[in-house]
Every structure is written in C-alpha cells, then in structure tokens.
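Here is what each chain is made of, one letter per residue.
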Amino acid sequence: MGQITLVCGSENSNRAAKIDALWRQYGDAAILLTPTGRLAQMRQDTFVREYGLPGLFGKHVWELTDFARMIVETCGHRMRMLSMLERRLLVYKALDNLPQDEGIAQIPVTPGLVRHLLRVITELKQAAIEPNVFRNALSQSKKNGAFDGLVAIVYERYQAALISEDRYDVPGLYWEAEYCCADAAFTLPDNTTTILLDGFDDFTLSQQRFLTALSKRVERLIIGLHYDADP
C-alpha cells in the first residue's frame, strides 16, 4: 500500500496551497481529485495561472465520481449510469407483486414511499452494505417491522435489476471501481504515482473503500480535508 497522508485545514487556511505545492512537486505524475467538476476546473485554471505554466499535458484534474467512472471504463466495462428518474422507476417496479406475509403487501405505494425507499437504498449502498448482508442482519434482529422487510425485498430486486441490465448508480460505481483497483491488469493513466484530493469534508464508506484500494496502486495518496481542530 502506498503512503496515505492527511492535510487538514479550514477553508481560509493554507491547506489548498500545501496541496498545490505537492501537486507541483510531483508534476505530471500526479492527479488531483475534487468533490465537484466546477472546483476541478477552477483548481486547474488557478494552478496554471499561479505558476505561469503553459498548461498540463493530459487530464490531471478530475471530479472524484468522474475519475471512478474513468477507472471502470479503463477496465473494459461499459458505463451506463442510471438517472434519478430511472432509479425511481426501478423502485416502482420492485414494489410489484410483493409477498402477502407480514403485512408488506398492505403498505400503500406512494411517490413519497418510493423516494424514501430510494434514499434508504442509497444510504445502504454508500455504507457498502450489500443486499445479502442487510438481509442477514434483519434475520438476526428481533426488532424488525414490516418496513424493514419491505426495504430488504426492494433492495434485493433493485440491485438484481442493475446487475441484469449492467447498469450503475453512483454508489455502485464506487463498488465497481474498487473491484477494478484489485485487478492485476489495472493501470492509471500517464504513469501516475501520486493521487491528491482536496476540498472534501468527508467520504462515504463506499468512497473510502475505493480510495483504500486505489492507495495500493500508487506510491502516495494525499487527502486535503476541510477540518479545523480549533472550534
């Protein structure tokens, strides 16, 4: 595993300047990842302007999700991302023909229920909890209600539909990117040895697992976090 370093500081600290200095130090062997595409463009423009550079050869700044998508595509997978509407339609479909036991079938299907189920499924996937793991947890708990069983069924059907159609939601993209990092044939563009991240407040568990897997394929992973120990 490569070295993992945290560079912490508040918005008005010199954290970003420290990340830029490391970016300049490692040059074309470094890639900067940000939480948004707008910030990625701004950081690249500022970097080129501040250091009087003619430009960066190749793409060296990415939004984190776009970077994960690039990795999955590099591994030979065709990326077919679901829109929010398509995700909701999958949940609606998963609510068809519910089992009659435990009162699940009597739960009224409303737009609010669909939104809530999708929010719960997203949180489960961000926490890297797969459907079988969630189902096993329910089987070992004595405090489950009808809604817990409904979530388990809908989550299983939702995930099965994604797999059968070879499609991805955002948390699933990070799962796949993590798997790709473990592939022996995995390579990063332009012989990258250093991954820099900046502008983040925190990461979901699925993102953390991806970054941990990614750190094993580079010499160093440097993470700039919005954090100030002084309240």
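Worth saying up front: this structure is predicted, and the values here are computed from it rather than measured.

Asks: What am I meant to see in the nonpolar core here?
Replies: Soluble globular proteins: nonpolar side chains tend toward being buried together. In terms of nonpolar packing, the biggest core is built from 30 residues, with L64, F67, I71, I195, L197, F210 and L214 touching the most fellow members. At the level of elements, β2 (30-34), α3 (64-74), α8 (170-181), β4 (194-200), α9 (205-215) and β5 (220-226) are the ones that each hand at least two residues to this core. Among the elements that line this core, the one with the most residues is α3, at 6 residues. Discounting residues that sit within four places of it in the chain, F67 has contacts with I31, L33, W62, L188, I195, F210 and L214. The next biggest cluster of nonpolar side chains, apart from the first, holds 27 residues, and it includes L82, L95, L117 and V154.

Asks: Help me out: how do you make sense of the sheet that holds β4 in this one?
Replies: Whether parallel or antiparallel, the strands of a sheet pair through hydrogen bonds between backbone atoms. Read from one edge of the open sheet, 5 strands run β1-β5-β4-β2-β3, paired in parallel fashion. Looking at the sheet topology across the chains shown, the edges are occupied by β1 (3-9) and β3 (61-63). Adjacent strand axes in the sheet meet at a mean angle of 20° when their direction is disregarded. Alignment of β1 against β5, held across 7 bridges, turns out to be parallel. What sits directly across from I4, in β5, is L221. The sheet strands contacting helix α2 (residues 37-50) are β2, β3 and β4, and the helix crosses β3 at an angle near 165°.

Asks: I tried to follow the pairing of β4 on my own but got confused; where do I start?
Replies: If a strand is regular, its side chains alternate between the two faces of the sheet. By the criterion of burial, β4 is predominantly enclosed, with 7 of the 7 residues buried. By the bridge criterion, 5 bridges tie β4 to β5 in an arrangement that is parallel. Residue pairing in the sheet places L197 in a bridge with I223 of β5. Regarding topology, α9 serves as the crossover connection from β4 to the parallel β5, and that connection is right-handed.

Rules of the game
- Residues numbered from 1 in each chain as written.
- Predicted model: local features only at pLDDT ≥ 70, side-chain atom pairs only at ≥ 80, totals over all residues.
- Heavy atoms only, no water.
- Core = buried A, V, L, I, M, F, W, Y, C linked by side-chain atoms within 4.5 Å.
- Buried < 20%, exposed > 50% of the residue type's maximum accessible area, 1.4 Å probe, protein only.
- Helix = DSSP H or I, 4+ residues; strand = E, 2+ residues; numbered from the N terminus.
- Contact = heavy atoms within 4.5 Å.
- Pairing = 2+ DSSP bridges.
- Axes fitted to C-alpha atoms, helices over the stretch in contact; angles between N-to-C directions.
- Right-handed = clockwise from strand over helix to strand, strands pointing away.

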